[in-house]
Every structure is written in C-alpha cells, then in structure tokens.
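# Geometric and topological summary
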Amino acid sequence: MARRETSAKGAGARKRSERLSARTRETVSAPVDGGLAELVPDRERPRARTLLLDGAPQSHVDLDDPAYLSFEYQRRLGHVIDLAAPPKQPLHVVHLGGGAFTLARYIAATRPRSTQQIVELDAPLVQFVRRELPLDPQARIRVRAADAREGLGRIQDGWADLIVADVFSGARTPAHLTSAEFLAEVRRVLKPGGQYAANLADGPPLAHLRGQIATAASLFPELALAADPTVWRGRRFGNAVLVASDLPIAVAELTRRVAGDPHPGRVEHGRALAGFTGGAAVVTDADARPSPPPPPGTFG
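Residues numbered from 1 in each chain as written. Predicted model: local features only at pLDDT ≥ 70, side-chain atom pairs only at ≥ 80, totals over all residues. Heavy atoms only, no water.

Time to look at helix α4 (residues 123–132). All of the buried residues along α4 are L125, V126, F128, V129 and E132. The buried residues of α4 occupy one face: seen down the axis, they fall within an arc of 165°. (Buried < 20%, exposed > 50% of the residue type's maximum accessible area, 1.4 Å probe, protein only. Helix = DSSP H or I, 4+ residues; strand = E, 2+ residues; numbered from the N terminus. Arc of directions from axis to C-beta.)

Looking now at the sheet that holds strand β1 (residues 28–32). With respect to topology, four strands assemble into an open sheet ordered β1-β2-β3-β4, the strand pairing being antiparallel. Strand pairing shows two members of the sheet lacking a second neighbour, β1 and β4 (56–62), which therefore form its edges. Between one strand axis and the next, the sheet turns by 25° as a mean value, whatever way the strands run. One ladder, built from six bridges, connects strand β2 (residues 35–42) with strand β3 (residues 45–53); its direction is antiparallel. Residue pairing across strands places P41 opposite R49, the latter belonging to β3. (Pairing = 2+ DSSP bridges. Axes fitted to C-alpha atoms, helices over the stretch in contact; angles between N-to-C directions.)

Across soluble globular proteins, nonpolar side chains show a tendency to be buried alongside one another. The biggest cluster of nonpolar side chains holds 36 residues, and the ones touching the most others in it are L96, L152, I163, V186 and Y196. Listed in part, the 24 residues of the second largest apolar core include F71, A85, V93 and L103. (Core = buried A, V, L, I, M, F, W, Y, C linked by side-chain atoms within 4.5 Å.)

Turning our attention to helix α9 (residues 251–259). All of the buried residues along α9 are V251, L254 and V258. Seen from one end, α9 has its buried residues packed into an arc of 60°, which puts them on one side. Seen from the open side of α9, the exposed residues pointing more than 90 degrees away from its buried face are A252 and R256.

As a further point, take the packing of helix α2 (residues 72–83) against helix α3 (residues 102–110). Two numbers describe how α2 lies on α3: the axes approach to 11 Å, and their chain directions differ by 35°. The two elements α2 and α3 cross, and the hand of that crossing is right-handed. Between α2 and α3, the contacting residues are Q74, L77, G78, I81 and D82 on the first element and T102, L103, Y106 and I107 on the second. For the contact of α2 with α3, the class distribution of residues is five nonpolar, three polar and one charged. (Left-handed = near helix turned anticlockwise from the far one by under 90°. Contact = heavy atoms within 4.5 Å. Nonpolar A, V, L, I, M, F, W, Y, C, P; charged D, E, K, R; others polar.)

Before going further, it helps to spend a moment on the packing of helix α7 (residues 207–217) against helix α10 (residues 270–277). The contact between α7 and α10 brings their axes to 8 Å, and the two run at 125°. Viewed along their axes, α7 and α10 adopt a mutual orientation that is oblique. Of the two possible hands of crossing, α7 and α10 adopt the one that is left-handed. Where α7 abuts α10, its residues L209, R210, I213 and A214 lie against L273, F276 and T277. Of the residues that constitute the contact of α7 with α10, the class distribution is five nonpolar, one polar and one charged. (Parallel < 35°, antiparallel > 145°, perpendicular 65-115°, else oblique.)

Just geometry here; none of it tells us what the structure is for.
Here's what the structure looks like:
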C-alpha cells in the first residue's frame, strides 16, 4: 500500500514537472502593478525565461541551472556575491526588489543554507513569478510584499552579510531609495564588514551616478563601481553596479572577473572613483529624485 502511495506521489510530481516544462516553452503574461509582466522562453535553454515588464527586460532565470546569470549587470552582482565570503559559506542576504528572484536563486544554488529575505512591492508580480517559476521549497527564501525602504526598516540591526538593491519602478529607481537616509538604514541592517551592492542606471551626463557615489561615500569608507566602458565614458545609457562596505572590498579579483565577462566591464575605486564624482553633492530625502528614464529605444 505504501509503495502504491509513493508511486502515485511520484507520478503527480512528474506530471507537475511536465506541465511546468511545457509552460516554459511558451510566453505567458499577466497584468501586475508595474504594468504587463511577460515571461519569454529562452530558445537556447529549455527551462529558462526572461522576465519583461512593459517590454523592458528585467531578469533571466534558468530553472535547470539557477547559477547561470545571463544579464550583464546580474553577472557583476554575481561576482560581488561570490567574493562576499569564502566559497559555499552561507550568508544572510536581503534583496530589495524581487523581479524573478534570479539572484536569490543564484545564492541558494552556490551558497546552500543561506537565509534570504526578498522585499518586493509588486505583490501580483510576486504571485506571477511564484506560479510560473517556482522557488526551490528547500531554499531558505522568504518573500515579503512591501516597499523596499519600509521592508528594510523591519529588519533587525546587524542581520545581513549582504544587501542587494535592484529596485526599479517604470525603469527608474524611486527617489526615496537614492538618499543618504536610505543608505543609513542599509548600514544599520548590515553586519560589521557586510556589503551593499546596488544596480544603478544612468546615461549622459551621468549626474545621477555621480550623486549616488558621493552619497554612498558619505556613509561607507570603501567603494567600487563596475560598468561598461561606454557607460563610464558617458556615451550611452546603461547599468552600473556599486559596491560599498566599511571594510576593504576584493577590488583586484572583482576587476579581473568583470574584465573577463562576455561583455567586459571596468571597475574603479579609490581616488579614481572619487575623482569621477566631480564634486557631486550628497543626496538627501529633501532633494532626492528618481533615476533618469532610459531614452526611447533603449530596450528595442
């Protein structure tokens, strides 16, 4: 009797897996708070999908290989994660912005037994991603539907080894997540020696990016920034990954890894990064603005 029950459960699991595999071969969509969410199949990876929000690529997930990072900026955040502690050491991680939970899945795969909290404002998006791209039930990942700053405020002092911020609303980072007051909350939640990593987006003349570096420098003594050389030179709109800590960052190894990516990037730190800010002012809640919108055709 027990064998028949086990067999039935196994058959049910296989059918669920087959249904999920069939779903990952077609585009599915749903209205969410942020617009229209779509999961588009990856032609080269059978169970991989790209999440689009109102046509803008947001993240990529491969259910068969969650350690695979496709997007340029996510690869750079992956390097930061890899260098945050010795290999496979579990971490306490807060993700501000959920998307398709790509980096949380990456950490669960590369650092088993890590404990993670995802704070994502768009509850319908969370439900859509959970349904179409289920999380591993064994992963220690908690997802909370809340504003990023509000959710961060509920986390105890000194809990996190790493905080990853990847928050966009209408392709722009909300103003209240760009200020020194926000970063003071980040620092409160980090353990001593913990790291903050943020996905930033900007284009010529890079005023937003310079302001974010100056703001982070007012709270953290150690900074590094990774970006495509054309973004550095102010030639196009793009992403940059900012890393901040109160202890030295593994800049040499981060530089090597970023330079070795399929789309090589450049890392700056120290005096060169300070010089890049060009005397930009620290951003406060009183004068904070959202990041600039991407120019027309950026995601075309």
